[in-house]
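Here are the chains, one letter per residue:
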Amino acid sequence: MSKAMLNLQAVDKFYNPGSVHEVHAVQGLDMAVAEGEIVALLGSSGCGKTSTLRMIAGFEEVSKGSIQLAGRDIHRLAPAKRNVAMAFEGYSLYPPLTVQENIAFALKSQSLAKDAVARQVAEIAQLLEIEEVLERYPSSISGGQQQRVSLGRALIRSADLHLLDEPMGQLEPQLRALLRGRIKHFIKERGLTAILVTHDQTEANALADRIAVMEEGVLQQFDTPANLKNRPANLFTGAFIGEPPMNVFDAEVRSEAGRLVFGLGGGVTLDYAENEFSLALRAALLKKPQVTIGVRPHAVRITDEGAKAEITANQWLGDQTHIAARFAGGAIVSVEHDRTRYAKGETIGVALASEDLHVFDTRSGMAISHGGALA
Amino acid sequence: MDHMSPVEKGLRGIALSAVVLFFMFPIFWIVLMSLQTNETILRSPPSMVFEPTFRNYIAIVTGKLDSNVASMDITFMRNLWNSILLSAGSVAVALLLGVPAAYAFARHKFRGSEEVAFTLLSFRFAPPLLVLLPLSLYFQQIGLANTYIGLIWVYQLICLPLILWIVRGYFEDISPDLEHAYRIAGHSWLSTFRRIALPLAGPGIAAAGLLAFIFAWNNFIFALVLASADKQPVTVGALAFVTASGIQYGQIAAAIVLSIAPTLALALYAQRYLVEGLSLGAVKG
């Protein structure tokens, strides 16, 4: 990976410091973004992702820590001096200007020739499918169109960093899928560095090279989409990433006659040959007999053998089936690609392969192992 | 609204006419009075039939008041000029001070900002005389009594809170991100204020300025106490028509017509802004 374009070091954000309403919105955030990389800040609302974005843009003061962009300390600079472009969640288009002028306006400080501006605006309008509304005013176009104009106004600028706050929240699904591809191509082609804030996993997975998962102001994991899915650092990321969410059970681990046995609730046990787990992992697991295991719904296999479960719901979603069953004193969800005939109340067997098992420390939530090897 | 029966339409028309008649009648009557001599005004029973005369207007413009007993000088045109100067001057000063202050109150929630804003508003609560008596003593000591500057300063008690509170509401209606978008494109705070915030709050600023102008124009007590004849506005100047030989109703009426003309013209011209300004945020552009 090339050199770091953006570097956040131990960044803290307090709102209403010193008062009874003090909120520690971002806590000790360390994050480095490489040049030409697309990073997504992913999390539920109130997790600190937007605060982080606004601190980078300069609309919120950094309470503690520092931010470097392209080798400069920027956290004390005025927004105008940071060389950052941003698309706002609320669009923030200038009402007295047409769509065309709104987009061209972003190029004003670059003092380009008139025809160069027109060419760039036309190009970005084509990319975002807003050519027909270029002459209209923001108040007379739809929310989705306004959002694309706002996105265009940010992407057209040449800046060290492009910040995109929920850039596609208002778009229809088909258009969103189309634009995701185009925007990613546009950013990559020009070698732009971008950070997008979103609560939509699909969007983060599709656009970002790496995803920073945040919760309650703390960065939970900053990794590639594949690693977030296959090697979640803790229980939170494990449960947060993936749809439907990971199945989670508390378990007790013991060694029995050359086999490793996980005792789940309701008398259900899962036992595996010891050699399916590395030696180091076995040692670690037997030292910590209380663990939490997680299995992705896509990895839950329904068989005739295996631990028994009772079907509680069978939902066909048009392209996959979600089967929910009562299992080990809790619930388990399995995803099948085709329609299935299981009826409510029917008993099935559930098989969980050792390579699909994620084991977490129950107390700290930190991952211990993924699929038989130490995390 | 589009689907009203003829009966409804008729009733609506009658109701509106009644309201207009009720509010416009005094003005109509004043205009009639201004075109009559004192004798025709005071005859009993009153009649709308008379021979119109412009003597009252001529007397006011030339400054020569002829009653049936004696001739005397009046300075009404000077009063009119004073009114324009004082009102326009105070509104200009209030806009210059109040608009940036309103922006600060709208955008920056600093410690005590609400208290300061409320204190400014509270100037409007105090009975004017309570403020004026001590103020007239101070003004005499520091040489501000009977000066335009002193009066414009005191007029800020009327104009500044009005402009501050109305314009603040307008600034609060503008999304801060709109300014952020402009600032992040490489523009300073000041140019953002000038190029984005001011134009967008334009209607509100115009409405506040107009209202402040009208309030300043109609003020009576400040100038009565703090200024002598040559600095007094029309509201105080009208007292001159109460003469030893009786009240000159015709001239008073003509003076009133002349003195409400500027504000009436302004209000008619900017009616839409005024309504928006008064309903403060309920109407969004």
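Nothing here was measured: the structure is a model prediction, and the numbers come from that model.

S.K.: Give me the lowdown on the overall build of chain B, citing residues and values where you can.
M.R.: If you tally the helices and strands in chain B, you get 14 helices and four strands. Taking the principal axes of the C-alpha coordinates as reference, chain B spans close to 75 × 70 × 30 Å. Residue burial in chain B is summarised as follows: out of 285 residues, 34% are buried. Here the contacts in chain B between residues at least 6 apart in sequence split such that 78% fall between residues at least 24 apart.

S.K.: Please set out the UniProt feature "domain: ABC transporter" (unreviewed entry) in chain A residue by residue, giving values where relevant.
M.R.: With numbering matched to this structure, UniProt assigns "domain: ABC transporter" (unreviewed entry) to residues 6-241 of chain A. Between the first and last C-alpha atoms of residues 6-241 of chain A the distance is 25 Å; the span itself is 34% helix and 26% strand.

S.K.: If you had to explain helix α1 (residues 6-34) of chain B to someone new, which residues and values would you point to?
M.R.: Residues and elements named next belong to chain B. Over its 29 residues, α1 extends 40 Å from the first C-alpha to the last, a length consistent with the 42 Å expected when each residue adds 1.5 Å. Along α1, the largest kink reaches about 45° and is centred on Met24; proline Pro26 follows within four residues of it. Counting buried residues in α1 gives two out of 29 residues, a small share hidden from the surface.

S.K.: Can you break down the packing of helix α8 (residues 176-184) of chain B against helix α9 (residues 189-200) of chain B residue by residue, with the values?
M.R.: Residues and elements named next belong to chain B. Close contact between α8 and α9 brings their axes to 10 Å; oriented N to C, the two are set at 130°. Taken together, the axis directions place α8 and α9 in an arrangement best described as oblique. Helix-helix and strand crossings are classified by hand; for α8 and α9 the assignment is right-handed. Judged by residue contacts, Leu178, Glu179, Tyr182 and Arg183 of α8 engage Trp189, Thr192, Arg195, Ile196 and Ala197 from α9. Taken together, the residues of the contact of α8 with α9 sort by class into five nonpolar, one polar and three charged.

S.K.: Now, about the packing of helix α7 (residues 148-173) of chain B against helix α10 (residues 202-217) of chain B: what can you tell me, with residues and values included?
M.R.: Residues and elements named next belong to chain B. The N-to-C vectors of α7 and α10 enclose an angle of 160°; their axes lie 9 Å apart at closest approach. One finds that α7 runs roughly antiparallel with respect to α10. Crossing of α7 over α10 shows right-handed handedness. Contacts between α7 and α10 involve Tyr155, Ile158, Cys159, Leu162, Ile163, Ile166, Val167 and Tyr170 on the former and, on the latter, Gly204, Ile205, Ala207, Ala208, Gly209, Leu211, Ala212, Phe215 and Ala216. Classifying every residue of the contact of α7 with α10 by side-chain character gives 15 nonpolar, two polar and no charged.

S.K.: How would you explain the pairing of strand β1 (residues 4-15) of chain A if you had to name every residue and give the values?
M.R.: Residues and elements named next belong to chain A. Two strands pair when backbone bridges link them, and β1 and strand β2 (residues 23-34) are joined in this way by eight bridges, in the antiparallel orientation. If you follow Val11 over to β2, its bridge partner there is Leu29. Where β1 and strand β4 (residues 64-69) come together, five bridges link them in antiparallel fashion. Across the sheet, residue Asn7 finds its bridge partner in β4, namely Gln68.

S.K.: So what's going on with the interface of chain B and chain A? Residues and values would help.
M.R.: Tallying the contact residues gives 12 residues for chain B and 15 residues for chain A. Looking at the side of chain B that touches chain A, the element that brings in the most residues is α8(B), giving six residues.

S.K.: How would you summarise the sheet that holds β1(A) if you had to cite specific residues and measurements?
M.R.: Each strand in a sheet pairs with its neighbour through backbone hydrogen bonds, running either in the same direction (parallel) or in the opposite one (antiparallel). Residues and elements named next belong to chain A. If you walk across this open sheet you meet the four strands as β2-β1-β4-β5, and the pairing is antiparallel. Both outer strands of the open sheet, β2 and β5 (72-73), are each paired with one neighbouring strand and no more. Contacts between helix α1 (residues 49-57) and the sheet are confined to β1, β2 and β4, with β2 contributing the most and set at about 65° to the helix.

S.K.: Which residues make up the domain arrangement of chain B, and what values go with them?
M.R.: As far as domains go, chain B holds domain 1 (6-73) and domain 2 (77-279). Using only C-alpha atoms to locate each centre, domain 1 of chain B and domain 2 of chain B end up separated by 30 Å.

S.K.: Tell me about the nonpolar core, residues and numbers included.
M.R.: Membership of the largest hydrophobic core comes to 122 residues, with the highest contact counts inside it found for A:Ala40, A:Ala212, B:Tyr155, B:Cys159, B:Ile163, B:Val167 and B:Ala212. Among the elements that line this core, the one with the most residues is α7(B), at 15 residues.

S.K.: Any details on the UniProt feature "transmembrane region" (unreviewed entry) in chain B? Residues and values, ideally.
M.R.: Residues and elements named next belong to chain B. Taken from the UniProt record, the annotation "transmembrane region" (unreviewed entry) applies to residues 12-32, 84-106, 118-139, 145-167, 204-229 and 249-270. Structurally, residues 204-229 comprises 77% helix and 0% strand, and the distance from its first C-alpha atom to its last is 35 Å. Along residues 249-270 the backbone is 95% helical and 0% strand, and the end-to-end C-alpha distance reaches 31 Å.

S.K.: Provide a residue-level description of the sheet that holds strand β22 (residues 373-374) of chain A, including the pertinent values.
M.R.: Residue and element names in this part refer to chain A. If you trace the seven strands from one edge of the open sheet to the other, you get β13-β12-β11-β14-β20-β21-β22, paired in antiparallel fashion. For this open sheet the edge positions go to β13 (269-273) and β22, each flanked by a neighbour on one side alone. Pairing of strand β11 (residues 247-256) with strand β12 (residues 259-263), which is carried by five bridges, proceeds in the antiparallel orientation. Bridge assignment links Glu256 to a residue of β12, and that residue is Arg259.

S.K.: Would you mind going over the pairing of strand β17 (residues 321-327) of chain A in detail, with residue names and values included?
M.R.: All names here are of chain A. Pairing geometry for strand β16 (residues 307-316) and β17, over six bridges, is antiparallel. Paired with Ile311 across the two strands is Ala325, which belongs to β17. Counting the residues that bridge the hairpin from β16 to β17 gives four residues, and of these Gly318 lies at a positive phi of roughly 100°. Examined bridge by bridge, β17 and strand β18 (residues 330-336) share seven bridges and lie antiparallel to one another. When the sheet's bridge partners are listed, His322 is paired in β18 with Val335. Here β17 folds back onto β18 in antiparallel fashion, the turn holding two residues, of which Ala328 has a positive phi close to 50°.

S.K.: Talk me through the domain arrangement of chain A; I want residue IDs and the actual numbers.
M.R.: Interfaces are often sized by the accessible area lost when the parts come together. All names here are of chain A. Per the domain assignment, the segments making up chain A are domain 1 (4-238) and domain 2 (247-374). A separation of 38 Å is found between the C-alpha centroids of domain 1 and domain 2. With eight residues of domain 1 in contact, the opposing surface of domain 2 contributes eight residues. The dominant element in the side of domain 1 that touches domain 2, judged by the number of residues it contributes, is helix α8 (residues 235-240), at three residues. Of the residues assigned to the side of domain 1 that touches domain 2, the class counts are four nonpolar, three polar and one charged.

S.K.: Quick rundown of the environment of B:Arg272? Include the residues and the values.
M.R.: All names here are of chain B. By secondary structure assignment, the location of Arg272 is in helix α14 (residues 271-279). Taking the number of C-beta atoms within 10 Å as the measure of exposure, Arg272 has 12 and is therefore exposed. Residues Arg272 and Pro203, 69 residues apart in the sequence, show an inter-C-alpha distance of 9.1 Å.

S.K.: Lay out the environment of A:Arg326 in plain terms, naming residues and giving numbers.
M.R.: Residues and elements named next belong to chain A. Within the secondary structure, Arg326 sits in strand β17. Between the alpha carbons of Arg326 and Ala313 there is a distance of 9.6 Å; along the sequence they are 13 residues apart. Setting aside residues up to four positions removed in sequence, Arg326 forms contacts with Ala309, Glu310, Thr312 and Ala331.

Cut-offs and rules
In every chain, residue numbers begin from 1 and rise along the written sequence. Here the convention is simple: chains get letters from A, ligands get numbers from 1, in the order in which they are written. Note on the predicted model: pLDDT of at least 70 is required for a residue's local features to be given, and 80 or more for side-chain atom pairs to be given and counted; whole-chain, interface and lining totals, by contrast, use all residues. Helical segments are the DSSP runs of H or I of at least four residues, strand segments are the runs of E of at least two, and each set is numbered from the N terminus. Any residue with 12 or fewer other C-beta atoms within 10 Å of its own C-beta is exposed, any with 20 or more is buried, and the rest are partly exposed; the C-beta atoms used are placed from the backbone. Working definition of a contact: two residues with C-beta atoms, positioned from the backbone, lying within 7 Å. UniProt positions are given in the numbering used here, feature names are shortened, and annotations may be inferred rather than shown by experiment. Helices are assigned an expected span. That span is 1.5 Å times one less than the residue count. Here the bend at a residue means the angle between the axes of two seven-residue stretches, the one that ends at it and the one that starts at it. Working convention: axes come from line fits to C-alpha atoms, limited for helices to the stretch in contact. Angles between N-to-C directions cover 0 to 180 degrees. Roughly parallel means an angle under 35 degrees; roughly antiparallel means over 145; roughly perpendicular covers 65 to 115; every other angle is labelled oblique. In this scheme the handedness of a crossing depends on how the near helix is turned from the far one: anticlockwise by less than a right angle means left-handed, clockwise means right-handed. Ten residues, namely Ala, Val, Leu, Ile, Met, Phe, Trp, Tyr, Cys and Pro, are considered nonpolar, four, namely Asp, Glu, Lys and Arg, are considered charged, and the remaining ones, Gly among them, are considered polar. Note: two strands are recorded as paired if DSSP finds a minimum of 2 bridges between them. By convention here, the domain bounds are inherited from an automatic or database domain assignment. By our criterion, buried Ala, Val, Leu, Ile, Met, Phe, Trp, Tyr and Cys residues that link up through C-beta atoms within 7 Å make up a nonpolar core.

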